[in-house]
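Descriptive analysis of the structure
The chain contents come next:
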Amino acid sequence: TAGPTREPIDPVRYITNKSSGKMGYAIARAAQLRGARVLLISGPTALEAPAGVEMVRVESTKDLLDALLPAAEQADIVVQAAAPADYRVAEVAPQKIKKQDGEPFVLTLTENPDVAKAVGENKRENQVLVGFAAETQAVRANATRKLDKKHLDFIVANDVTKPGAGFDVDTNIAAFLDHDGIEELPLMTKDALAHRILDRALAVLRAKQAR
Ligand code: PMT
């Protein structure tokens, strides 16, 4: 998965985040180059669809869940680099909301489904689930919690406050985290990181298949 999701406020406004899709598209391209059959489920981005990759475009976190759950049933490896909105607007206005003339404007948000958790709850034997963790503090502790909660085989943690890492840049600084420990990686292009992620995911897959 790749990119942000959009949660509508009214017919002309939405809530979103800074994800460009670059990380997820790099993973899809790398997998396609290695001969995998790839399905890329993408939120709204300005990026071109990678050649040879089947694409499904989604808007909201709920749309992402609906597209990913059935697709994940067929997948040997699921890598979730998308940045789905954790909240959506409780009541989407049917008409454009008017300015409040100096009054504060309050939006009530309600929790979105956790897509990776839902995929994790339906995890098949011999399936490899890779998640990301976009953190701004306590990277290791927060990422470890996500590893368990979402039934992930490993997590790619990125401190999105570091220059050259995270949202809307061509490079990233990541650490692989699982129950055996943490492997810190240096700054590299998102294309290079994509291959490192696939190397590790394939090693996990082969180890499971050999059991
Ligand atoms: O798109 P780019 O501009 O290239 O930026 C890349 C990135 C910073 C978006 C990417 O490297 C990254 O960190 N993606 C995960 C962003 C995120 O949502 O992190 P999180 O820590 O909130 O979520 C943890 C995991 O759960 C992620 O795999 C996420 O896809 C998933 N999730 C999160 C929320 C939610 N409601 N459902 C989910 O499935």
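Residues numbered from 1 in each chain as written. Predicted model: local features only at pLDDT ≥ 70, side-chain atom pairs only at ≥ 80, totals over all residues. Heavy atoms only, no water.

Some words on the sheet that holds strand β12 (residues 181–184)
In space, the five strands of this open sheet follow the order β5-β8-β9-β11-β12, with mixed pairing throughout. The open sheet has two free edges, formed respectively by β5 (77–80) and β12, since each of these has just one partner strand. Going across the sheet, the axis of each strand differs from the next one's by a mean of 20°, ignoring polarity. Where β5 and strand β8 (residues 128–135) come together, four bridges link them in parallel fashion. Paired with Q80 across the strands is G131, a residue of β8. Contacts between helix α5 (residues 190–210) and the sheet are confined to β5, β8, β9 (154–159), β11 (174–178) and β12, with β8 contributing the most and set at about 140° to the helix. (Pairing = 2+ DSSP bridges. Helix = DSSP H or I, 4+ residues; strand = E, 2+ residues; numbered from the N terminus. Axes fitted to C-alpha atoms, helices over the stretch in contact; angles between N-to-C directions. Contact = heavy atoms within 4.5 Å.)

Describing the nonpolar core
Core analysis: the biggest nonpolar cluster contains 28 residues, and I27, V130, F132, V156, L193 and I197 have the highest contact counts within it. Put simply, the parts of the chain that give this core at least two residues each are α1 (22–33), β8, β9, β11 and α5. The greatest single-element share of this core, amounting to seven residues, is contributed by α1. Counting residues in hydrophobic clusters, the runner-up holds 21 residues, among them I41, L129, A133 and A157. (Core = buried A, V, L, I, M, F, W, Y, C linked by side-chain atoms within 4.5 Å. Buried < 20%, exposed > 50% of the residue type's maximum accessible area, 1.4 Å probe, protein only.)

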